[in-house]
Amino acid sequence: MSFPPGIRRRFVVSFPLLLLVTSSFAVVATADGASQDDGPELPACNNPFKLVKVKIWVDGVEGEDLSGITASFGASLPEEANKSSKLPTVFSNPLNGCSNSSSKLTGSVALSIRGDCDFVTKAKVAQSGGASALLVINDNEELYKMVCSENDTSLNISIPVVMIPKSAGDAINKSMEEKHVEFLLYAPTRPIVDFSVIFLWALAVGTIVTASLWQEFGTSENSDERYNELSKESPNAGTGDDDDKEILDISVKGAIVFVITASTFLVLLYFFMSAWFVWLLIVLFCIGGVQGMHTCIMTPIARKCRNCPQKTLNLPLFGEVSIVSFVVALCCLIFAVVWAVNRRESYSWGICLMITVLQLARLPNIKVATVLLCCAFVYDIFWVFLSPLIFHQSVMIVVARGDNSGGESIPMLLRVPRAFDPWGGYDMIGFGDILFPGLLVAFAFRYDKAYKKHLASGYFLWLIIGYGFGLLFTYLGLYLMNGHGQPALLYLVPCTLGVTVILGLVRGELKELWNYSPELSSATTNLTGEA
C-alpha cells in the first residue's frame, strides 16, 4: 500500500527535507531560563548561580516542587533535601519587600514581588525582619539573575535569596489562601554527563549508519522489484530507473534554493506559528512517517518473501495492493495515530522517516555536498546565535520550543529524558542535524562501494567517526554555555565535510570526489566487468 510514485517522491523527500532543515536547531537541553549578565565582580557578590528546588507543603500535604535560581549574594543552600529544614511561608507587607514588613517574618521564608527597589535592599529588609530566607517572585516566566550594583561594596546578607517564576508565585498565592504553607529549599547538583546524552549520541550515529547500510542488508537481487510487487505501486517496477527508485539527486542550485526557502519558512513560523498550524505540520509529518515506516518494514519483507505467493486487495484510490502491504500500512497508521496522541512523550521519534529520506535523497558528489552543508552551516549559526540581534531572541529556539503555539512544537526532534538529573528535562537533537551530515555519510558509503575500498582506505568509517566526535563537541559546547541551545552543524560540518576534504587532499582523490558522478561510475564498473 503506497502513494503514487510521483506524489510519493515529491512529498516523502521534498517536504520532510524542508521541515527537517527548519527544525535543524542543534542539541538543546532544557534551559535554565536565566537571563541578564552576571553583574560586577564584587567580593561579597560573586556566588555562583545555582538552580533551586522548592518543596512545598500545604496543610501538611506535599505538593509539586517549584524551581528557582539563587542570587549572586547571600547564604548558600544545601545540596540535599535532608540537610535543609521546613520553614513557614509569609508574604511581606508591603508586598514589594522594599520597607520593613508589618507581617511577622521571624523564622520564615519571606515572599516578595520583583520591582520598586533593588534585590539587595529586599534581602536586607527580609533579614532585618528575622526571615530565614527570601523568595522573590519574578514578573515573567524567565528566571532573572539577581546581581549586585557597583555601590554594593560591603554586604552582610546571611540568608539565602532565591527567585521563582511568576507562575510559581501565582500557585503559591492560591495555596496560601487561609492555609498553612511550608517550604524546604535546597540546590541539588546537576550531573555533568547524563545517560541520556550517551543514548542520544548512539541513536543519532546509529540512524546514520543504518540509513547508509540499509540498501545492503535491506535489499538483494530482485528485492526492489519484489517490494513493488508487494506494494503494487508501479507497473514499471524493477527497470532500474531513478524515477522508479524515486531517487532525488540534489543539485548545487537546489541546495542553495532549499536553504533560502527553509529560512523563509522559519521566519513565517516565527511570526505566524499557532497551535492549529503546528497541528497541520504534525498531520503532514504523520503522513510522511507512515510512508517512511512502510518502506522500512516492507523492504526486508520483500527480501524474505521473494518466492511467496501473494493475495491482493482492490482498494479505492490505491488500486490493487497485497494483503501484506495493507496490514503493514494499517499498523504504520495506528503507530502514527498513537504517536500523535503521545507526541510529547520521550519515545516520540521519527527514525524511520529519516532513514527513508536518506534513501531517497542523494548527494551526487562533494561539490554539491560542500554547497549544501556550508549553507546549512551558516543557516544554523545565524538563526541560533545571530538572529537575536534582529529579532531580540533566537528565532530557531523560539520556533523549536513552540513559544507562540500553546506549548506545541514542530515534531522534528529526537528527544531523550534525563535519567539521573534531579531537574528532569530532555536532551534533544534536531532531525536536520542527523539528516545533512547523513547525506554526506551515505555518499561516502556509495563511493567506497563503487571503488571497492576497504574500511580504512575508504571514507565511510572516518566520516562516522567524525560525526561521532562532532556530536561530542556539540555536547561539550552545550555544557560550557550552561545549557544554551547550540547550532550542532557548527561542529558537525567541520567534522564530516572537513574530514572528507582533508582525506581527499591527502590521498589525491579530491578532484575525483568533487566531480564524481554515480552514472559514470556505474558505466565504468560495467565496462571493467565486461573486459
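All of these numbers come straight from a predicted model, not from anything done at the bench. (Residues numbered from 1 in each chain as written. Predicted model: local features only at pLDDT ≥ 70, side-chain atom pairs only at ≥ 80, totals over all residues. Heavy atoms only, no water.)

The number of helices and strands found in the protein is 18 helices and 17 strands. Counting the 531 residues in the protein, one finds 49% classified as buried. Restricting to contacts in the protein with at least 6 residues of sequence separation, those with at least 24 account for 76%. (Helix = DSSP H or I, 4+ residues; strand = E, 2+ residues; numbered from the N terminus. Buried < 20%, exposed > 50% of the residue type's maximum accessible area, 1.4 Å probe, protein only. Contact = heavy atoms within 4.5 Å.)

A few words on the side chain of S92. Of note, S92 is situated in the loop between strand 6 (87-91) and strand 7 (109-113). With residues near it in sequence (within four places) discarded, S92 still touches G97, S101, S103, L105, A110, L111 and S112.

Enumeration over the complete set of coordinates arrives at 15 aromatic pairs. Seen in terms of ring centroids, Y270 and F391 are 5.4 Å apart; in terms of plane orientation they differ by 70 degrees. Their pairing is edge-to-face. Taken together, the positions of Y270 in helix 7 (residues 252-272) and F391 in helix 12 (residues 388-391) put the pair 121 residues apart, joining distant regions of the chain. An aromatic cluster of at least three residues, connected via ring pairs, comprises Y270, F271, F382, W383 and F391. Lying over the aromatic face of W57, K86 brings its terminal NZ or CZ to 4.1 Å of the ring centre. Above the plane of the ring of Y459 lies R507, whose end atom (NZ or CZ) is 4.8 Å from the centre. (Phe/Tyr/Trp six-rings, centres within 6.5 Å; stacked < 30°, edge-to-face > 60°. Lys NZ or Arg CZ within 6 Å of the ring centre and 35° of its normal.)

Turning to unusual backbone geometry, a few remarks are in order. Omega for the bond connecting N93 with P94 falls within 30 degrees of zero, at 15 degrees, which places this linkage in the cis form. Examined against the element boundaries, P94 turns out to sit in the loop between strand 6 and strand 7. The phi dihedral of D116 is positive, around 75 degrees, even though this residue is not glycine. Assignment of secondary structure puts D116 in the loop between strand 7 and helix 2 (119-128).

One pass over the full model with this rule turns up one disulfide. Among the cysteines around C374, which has no disulfide bond, C375 carries the closest sulfur, lying 7.2 Å off. With relative accessibility at 35%, the residue C374 sits in the partly exposed group. What makes C375 partly exposed here is its relative accessible area of 25%. (Disulfide = S-S within 2.5 Å.)

A word on the packing of helix 8 (residues 275-304) against helix 9 (residues 323-341). Two elements in contact, helix 8 and helix 9, have axes whose closest approach is 9 Å; the angle formed by their N-to-C orientations is 145 degrees. Note that helix 8 runs across helix 9; the crossing there is right-handed. Along the contact surface, helix 8 presents W279, I282, F285, C286, V290, M293, H294, I297, M298 and I301, while helix 9 presents V324, S325, V328, A329, C332, L333, F335, A336, W339 and A340. Looking at the contact of helix 8 with helix 9, its residues break down into 18 nonpolar, two polar and no charged. (Axes fitted to C-alpha atoms, helices over the stretch in contact; angles between N-to-C directions. Left-handed = near helix turned anticlockwise from the far one by under 90°. Nonpolar A, V, L, I, M, F, W, Y, C, P; charged D, E, K, R; others polar.)

When pLDDT is averaged along the protein, the result is 78; 76% of the residues meet or exceed 70. No element of the protein has a lower mean pLDDT than strand 1 (residues 28-29), which averages 43, and none a higher one than helix 16 (residues 489-507), which averages 94. Counting contacts from residues 1-12, a segment whose pLDDT is below 50, to residues more than four positions away or on other chains yields 38 contacts. Low pLDDT, under 50, characterises residues 233-245; the predicted model gives this stretch 22 contacts beyond four residues in sequence or across chains. (pLDDT = per-residue confidence, 0-100.)

Glancing now at the nonpolar core. One finds L363, L440 and Y467 to be the most contacted residues of the largest nonpolar core, which totals 85 residues. Among the elements that line this core, the one with the most residues is helix 14 (residues 432-450), at 10 residues. L105, A110, F119 and L143 belong to the second largest nonpolar core, which has 24 residues in total. (Core = buried A, V, L, I, M, F, W, Y, C linked by side-chain atoms within 4.5 Å.)

Counted under the stated rule, the structure contains six salt bridges. A salt bridge links D65 to K55; the nearest nitrogen and oxygen atoms lie 3.7 Å apart. A residue pair is termed long-range when its members are at least 10 positions apart, and D65 in the loop between strand 4 (61-62) and strand 5 (66-70) and K55 in strand 3 (residues 51-58) qualify at 10 residues. D65 gets classed as partly exposed once you look at its relative accessible area, which sits at 28%. Take K55: its relative accessible area is 15%, and that puts it in the buried class. (Salt bridge = Lys/Arg side-chain N within 4 Å of Asp/Glu carboxyl O.)

Burial analysis of strand 7 places four of its five residues in the buried class, the great majority of the element. The sheet contact formed by strand 6 and strand 7 spans three bridges and is parallel. For T89, the partnering residue across the bridge sits in strand 7 and is V109. Bridge count for strand 7 against strand 8 (residues 133-137) is five bridges, and the pairing is parallel. Pairing of V109 across the sheet is with A133, part of strand 8. Since strand 7 and strand 8 lie parallel, the crossover through helix 2 that links them has a hand, and here it is right-handed. (Pairing = 2+ DSSP bridges. Right-handed = clockwise from strand over helix to strand, strands pointing away.)

As a further point, take the side chain of T89. Turning to its location among the elements, T89 is positioned in strand 6. In this view, T89 contacts V109, L111, M176, V181, E182 and F183; residues no more than four positions away in its chain are not counted.

Let us look at the packing of helix 11 (residues 366-386) against helix 16. Remark: helix 11 packs on helix 16, axes separated minimally by 9 Å, with the N-to-C direction vectors making an angle of 165 degrees. As summarised for this structure, helix 11 and helix 16 are arranged roughly antiparallel, according to the angle between their axes. Like other packed secondary-structure pairs, helix 11 and helix 16 cross with a definite hand, here left-handed. Along its contact with helix 11, which presents I366, A369, T370, L373, C374, A376, F377, D380, I381 and F385, the element helix 16 presents L489, L490, V493, P494, L497 and T500. Considered class by class, the residues forming the contact of helix 11 with helix 16 number 13 nonpolar, two polar and one charged. (Parallel < 35°, antiparallel > 145°, perpendicular 65-115°, else oblique.)

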